[in-house]
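Topology and contacts: notes
Spelled out from the first residue to the last, the chains are:
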Amino acid sequence: MILAIESSCDDSSVAIMKASDFSLVHYEKISQEKEHAKYGGVVPELAARLHTAALPEVILRAKEHFSALKAIAVTNEPGLSVSLLPGIVAAKALATALNLPLISVNHLVGHIYSLFLEGPIKLPLGVLLVSGGHTMILGISENGVISVLGATSDDSFGESFDKSAKMLGLGYPGGPQIQNLALKGDDRAYDFSLPLKGTKRLEYSFSGLKNQVRLACLELENSRIPYSVIPRLDRGISSENSRIPSENSRISSQQKANIAASFERVACLHIIDRLKLAFSSQKWAHFGVVGGASANLRLRGMLENLCASYDCELLFAPLEYCSDNAVMIARAAVTKYHNKDFCGSLEMHPRSSLENLKII
Ligand code: KG4
Ligand code: ZN
């Protein structure tokens with residue numbers, strides 16, 4: 001069995017998987033969402049403290065399996081450095097105490113493996129990775145080599161949901177909040193423009209759309225109402241976009257729902273619009289969507305139509321393993337274990353690229 005630790009952002013998670021048949025023996029995840037919600041985004045110092053408190057407890061609750069372990073795996077890249085560190089320290093301590101080898105796992109490779117928790121690995125494969133930190137189109141060749149075909153030049157897809165939710169005064173994480181509110185709204189109420197329309201660049205950009213949401217909020221608010229300025233707390237929020245309507249917001253629930261629905265429609269259309277470019281130059285028999293934001297139901301529906309029109313099989317991760325979790329890290333680690341891909345000195349890489357990494 002392999003024990004895997006994931007702590008790259010705001011979830012402290014441990015999973016144990018059997019190396020022989022990939023069956024899950026143990027899994028626990030402590031999410032910090034509630035603690036970060038009042039700030040509207042992940043606060044790194046708070047995340048570090050919560051990981052440091054939670055990880056020893058979560059690891060100890062898996063103690064009955066320690067004698068059957070063959071290796072300790074941990075996410076070492078990419079992520080918040082202060083979040084990665086407690087996981088890496090815990091993994092090193094455990095590996096030393098139990099005299100076991102260490103396996104390092106790239107968090108994004110872990111997300112790709114979430115597609116293969118319930119079935120065999122299917123290659124070659126196209127992948128859309130949509131999370132809070134990343135938005136990428138990947139091509140994975142027959143022999144498992146990853147190529148980054150396109151990525152976002154500013155905000156990620158998930159981040160644009162988080163920031164739009166914040167501007168609408170909704171909670172964190174914003175993805176599920178926007179999705180739920182959008183169900184009650186008119187998705188044509190606002191004619192937000194499609195990002196990068198008319199260009200042929202295989203690239204995403206969500207900052208302009210986010211700004212359109214901000215302007216829509218501003219217009220509905222009386223401009224004399226004071227705006228609260230939230231300090232830079234989450235990943236790369238700009239001072240301009242941290243201006244959110246105050247609690248005295250005059251935006252009605254229906255207006256908020258209309259903005260949420262219109263934003264979600266255009267954000268998903270942008271994903272599909274660029275994917276059409278990718279599909280026109282690639283021949284994918286399989287296409288997978290991974291990352292926390294792959295839980296979005298509107299996006300899933302649009303992807304189903306897109307893949308059907310290209311006669312391509314669409315793969316999803318089970319909903320509970322779309323967001324960050326140690327199960328996907330354990331699955332990636334089992335392949336590395338079979339390849340005897342252990343690491344001597346485990347280093348942390350908060351910013352790392354996927355380019356030319358292999359998944360098998
Ligand atoms: O993969 P993940 O759990 O963490 C990172 O590695 O970033 O992704 C979290 C992101 C957040 O931005 C969250 O708002 C977004 O995924 N998300 C969604 C939905 N559920 C989670 N975005 C859109 N629609 C959803 N239903
Ligand atoms: Zn993630």
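From a predicted model like this one, the values you see are computed outputs, not experimental measurements. (Residues numbered from 1 in each chain as written. Chains lettered and ligands numbered in written order. Predicted model: local features only at pLDDT ≥ 70, side-chain atom pairs only at ≥ 80, totals over all residues. Heavy atoms only, no water.)

Examining the side chain of His26
Structurally, His26 can be placed in strand S3 (residues 24–31). Those residues in contact with His26, other than ones at most four positions away along the chain, are Val14, Ala15, Ile16, Arg61, Ala62 and His65. (Helix = DSSP H or I, 4+ residues; strand = E, 2+ residues; numbered from the N terminus. Contact = heavy atoms within 4.5 Å.)

As for the site of ligand 1
Taken together, 22 residues are adjacent to ligand 1, and Gly132, Asp162, Gly175, Gly292 and Asn296 come closest. His111 has a polar side-chain atom sitting 3.2 Å from an oxygen atom of ligand 1. Asp324 is positioned with one of its side-chain polar atoms (N or O) 3.1 Å from an oxygen atom of ligand 1. In isolation ligand 1 has 550 Å² of accessible area, and contact with the protein removes 90% of it. For the shell around ligand 1, the secondary structure elements donating two or more residues are helix H4 (107–113), helix H5 (157–167) and helix H6 (174–182). Residue composition of the shell around ligand 1, by class: 5 nonpolar, 13 polar and 4 charged. Per-domain counts for the shell around ligand 1 show at least three residues from each of domain 1 (2–117 + 320–338) and domain 2 (125–316). (Near = heavy atom within 4 Å. Polar contact = N/O pair within 3.5 Å; in protein donor to acceptor, adjacent residues only side chain to side chain. Areas by Shrake-Rupley, 256 points an atom, 1.4 Å probe, with all protein chains shown as cover. Nonpolar A, V, L, I, M, F, W, Y, C, P; charged D, E, K, R; others polar. Domains from an automatic or database assignment.)

So, the packing of H5 against helix H8 (residues 253–281)
Running from N to C, H5 and H8 cross one another at 170 degrees; their axes reach a closest spacing of 11 Å. As far as their axial angle goes, H8 and H5 are roughly antiparallel. Residues Phe157, Ser160, Phe161 and Ser164 of H5 pack against Phe263, Glu264, Ala267, Cys268 and Ile271 of H8. A breakdown of the residues in the contact of H5 with H8 according to their chemical character gives 6 nonpolar, 2 polar and 1 charged. (Axes fitted to C-alpha atoms, helices over the stretch in contact; angles between N-to-C directions. Parallel < 35°, antiparallel > 145°, perpendicular 65-115°, else oblique.)

Looking at the pairing of strand S7 (residues 135–140)
The element S7 is extensively covered by neighbouring structure, given that 6 of its 6 residues are classed as buried. The alternating pattern of S7 places Thr135, Ile137 and Gly139 on one face and Met136, Leu138 and Ile140 on the opposite face, and all of these are buried. Here strand S6 (residues 125–130) pairs with S7 via 6 bridges, running antiparallel. Paired with Val130 across the two strands is Thr135, which belongs to S7. Between S6 and S7, which pair antiparallel one after the other, the connecting turn spans 4 residues. In sequence, S7 turns back onto strand S8 (residues 146–152) through a hairpin of 5 residues, with Gly144 there showing a positive phi of about 90 degrees. (Buried < 20%, exposed > 50% of the residue type's maximum accessible area, 1.4 Å probe, protein only. Pairing = 2+ DSSP bridges.)

A word on the coordination of the zinc ion (ligand 2)
Six octahedral donors at a metal ideally form angles of 90 or 180 degrees, and four tetrahedral donors ideally form angles of 109.5 degrees. Distances from the zinc ion (ligand 2) to its protein donors, namely His107 (NE2), His111 (NE2) and Asp324 (OD), fall within the range 2.0 to 2.2 Å. When its relative accessible area of 7% is taken as the criterion, His107 is described as buried. (Donors = N, O, S within 2.8 Å, 3.2 Å for Na, K, Ca; no water.)

A short note on the pattern of salt bridges
Side chains that differ in sign of charge can pair as their charged atoms come close. If you walk through the whole model with that rule in mind, you get 11 salt bridges. With a closest N to O distance of 2.7 Å, Lys210 and Asp155 form a salt bridge. Of this pair, Lys210 sits in helix H7 (residues 207–220) while Asp155 sits in the loop between S8 and H5; the two residues are 55 residues apart in sequence, bridging distant segments of the chain. You can call Lys210 buried: its relative accessible area is 3%. Arg274 is the partner of Asp273 in a salt bridge, and the nearest nitrogen-oxygen pair spans 3.1 Å. For Asp273, a relative accessible area of 25% corresponds to the partly exposed category. The class for Arg274 is buried, based on a relative accessible area of 2%. In this structure, a network of salt bridges that share partners links the residues Asp155, Glu159, Lys163 and Lys210. (Salt bridge = Lys/Arg side-chain N within 4 Å of Asp/Glu carboxyl O.)

A closer look at the domain arrangement of the chain
Assigned domains of the chain: these are domain 1 (2–117 + 320–338) and domain 2 (125–316). In this structure, domain 1 and domain 2 have C-alpha centres spaced 27 Å apart. Between domain 1 and domain 2, the residue contacts involve 21 residues of the former and 24 residues of the latter. Together, the buried faces of domain 1 and domain 2 total about 1700 Å²; carbon and sulfur atoms form 75% of this surface. Among the residues domain 1 hides against domain 2, the three largest losses belong to Ile112, Leu115 and Cys322. Together they make up 33% of the total. (Buried area = accessible area lost by both parts, 1.4 Å probe.)

Some points on the packing of aromatic side chains
Under the criterion given, the structure shown has 12 aromatic pairs. Relative to Phe192, the ring of Tyr190 has its centre 5.5 Å away and its plane inclined at 20 degrees; by these criteria the two rings are stacked. An aromatic cluster of three or more residues is present, and its members are Phe157, Phe161, Tyr204, Phe206 and Phe263. (Phe/Tyr/Trp six-rings, centres within 6.5 Å; stacked < 30°, edge-to-face > 60°.)

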